[in-house]
Amino acid sequence: MLNWVAMIQDSRLRLKGWQQAAVALGSAVGALLDPRRADLIAALGETTGKPAFDRVLERMKKSPEGREILLERPRVISTKVGHAWDLPDNTFGAAYARFMGSRNFSPDDRPPVRFMETEELAYVAMRAREVHDFWHTLFGLPTNLIGETALKVIEFEQMLLPMCLMSVLGGTARFSDKQRSLFYQHYFPWALKAGARSTDLMCVYYEKHFHKDLEDVRRKWGIIPAPPPPRPNATIVVPL
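Since the model is a prediction, treat every value here as computed from it, not as a measurement. (Residues numbered from 1 in each chain as written. Predicted model: local features only at pLDDT ≥ 70, side-chain atom pairs only at ≥ 80, totals over all residues. Heavy atoms only, no water.)

Digging into the nonpolar core
Within the largest apolar cluster, 60 residues are counted, with the highest numbers of intra-cluster contacts made by F92, F134, W135, F139, W190, M202 and Y206. Ranked by residues supplied to this core, first place goes to helix α8 (residues 119–130) with seven residues. In contact with Y206, other than residues within four places in its own chain, are F92, R127, V131, F134, W135, L138, L201 and W221. (Core = buried A, V, L, I, M, F, W, Y, C linked by side-chain atoms within 4.5 Å. Buried < 20%, exposed > 50% of the residue type's maximum accessible area, 1.4 Å probe, protein only. Helix = DSSP H or I, 4+ residues; strand = E, 2+ residues; numbered from the N terminus. Contact = heavy atoms within 4.5 Å.)

So this is what it looks like as structure tokens:
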């Protein structure tokens, strides 16, 4: 706990209102020009997301599992989640490990929180950032442009972060005509339903469920996995 507090205090910057607006605008423009800039996307989320993170924090305080997360403040870093690589193949933890390993991702790659006003909000923002790959695993979404944009729809429904909405608009603007048609006919309706059907995903202590069967936790949390891409000329059906 002390190490976490020291880390966020060292990395946090306190900005005046006009400075926050300038960072938000600059981050938005930069992220649109180069969507691979995770640091700019993170800065955009923080400078525009305080009301949303406030609401998430209040929901977590009202949830037994959410309160446990706030008390223990777990981190999704390699030293804390490395045991997932040793779990049986059917488990949520093993599925997460496969997702990360197949893409050569590291849980240590997330940028630090810099623009939240309090330690509690800084932790909530970091938690939202660090569980992103858990959500990819649970919903079965790829990390291509369509998959990331679909997940941003779910994240917006779950947290109402303006950055998520802006990411959806920015993502769809970069689609080809074929991608845009596939997204709006196939993935967008599913993502709206999946985000609304799921439990409050910010109140889930994922690390304590690593050992459980993946399909069991999906059912428990109301997760609707992403449908496979449609075959040519197939009729698109959204799960009810």
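Considering the packing of aromatic side chains
Tallying each qualifying case throughout the model produces 16 aromatic pairs. Ring geometry for W85 and Y96: centres 6.0 Å apart, planes at 75 degrees, overall edge-to-face. Note that W85 is positioned in the loop between α6 (78–81) and α7 (92–102) and Y96 in helix α7, a separation of eleven residues in sequence. On the accessibility criterion, W85 (42% relative accessible area) is partly exposed. With a centroid separation of 6.0 Å and 85 degrees between ring planes, the pair formed by F92 and W221 is classed as edge-to-face. Of this pair, F92 sits in helix α7 while W221 sits in the segment after α13 (214–220), placing them 129 residues apart in sequence. F92 gets classed as buried once you look at its relative accessible area, which sits at 0%. Three or more aromatic residues joined by ring pairs make a cluster, and in this case those are W85, F92, Y96, F134, Y206, F210 and W221. (Phe/Tyr/Trp six-rings, centres within 6.5 Å; stacked < 30°, edge-to-face > 60°.)

Brief notes about the pattern of salt bridges
Throughout the structure, instances matching the rule amount to 13 salt bridges. Between K208 and E68 there is a salt bridge; the shortest N-O distance is 2.3 Å. With K208 in the loop between α12 (177–197) and α13 and E68 in helix α5 (residues 64–72), this residue pair connects regions lying 140 residues apart in the sequence. Judged by its relative accessible area of 26%, E68 falls in the partly exposed class. Measuring nitrogen to oxygen at the nearest pair gives 3.8 Å for the salt bridge that ties K208 to E72. With K208 in the loop between α12 and α13 and E72 in helix α5, this residue pair connects regions lying 136 residues apart in the sequence. The exposure class of K208 is partly exposed, given its relative accessible area of 38%. (Salt bridge = Lys/Arg side-chain N within 4 Å of Asp/Glu carboxyl O.)

Observations concerning α7
Judged by how many residues are buried, α7 sits mostly within the fold: eight of eleven residues are covered. The complete set of buried residues in α7 reads F92, G93, A94, A95, Y96, A97, F99 and M100. Looking at the packing, one finds that the buried side of α7 touches α6, α9 (132–139) and α13.

Concerning the side chain of T137
Structurally, T137 is set in helix α9. The contact partners of T137, leaving out residues within four places of it in the chain, are F92, A95, Y96, F99 and R218.

Concerning the confidence of the model for the protein chain
Averaged over all residues, the pLDDT of the protein chain equals 85, while 78% of them reach at least 70. Segment residues 1–10: pLDDT under 50, and 13 contacts once partners within four positions in sequence are set aside and those in other chains are kept. (pLDDT = per-residue confidence, 0-100.)

Details of the UniProt feature "binding site: Zn(2+)" (unreviewed entry) in the protein chain
Residues annotated by UniProt as "binding site: Zn(2+)" (unreviewed entry) correspond here to H132, D133, H136 and E148. The greatest C-alpha distance among the residues just named is 10.5 Å, despite their covering 17 residues of sequence, which places them together in space. Summarising the element assignment, H132 is placed in helix α9. Look past the residues within four positions of H132 in its chain and what remains in contact with it is R110, E148, L151, K152 and E155. Its location among the elements puts D133 in helix α9. Since its relative accessible area comes to 8%, D133 is described here as buried. Residues contacting D133, with those up to four places away along its chain left out, are Y96, F99, M100 and R110. (UniProt positions renumbered as here; feature names shortened; annotations may be inferred.)

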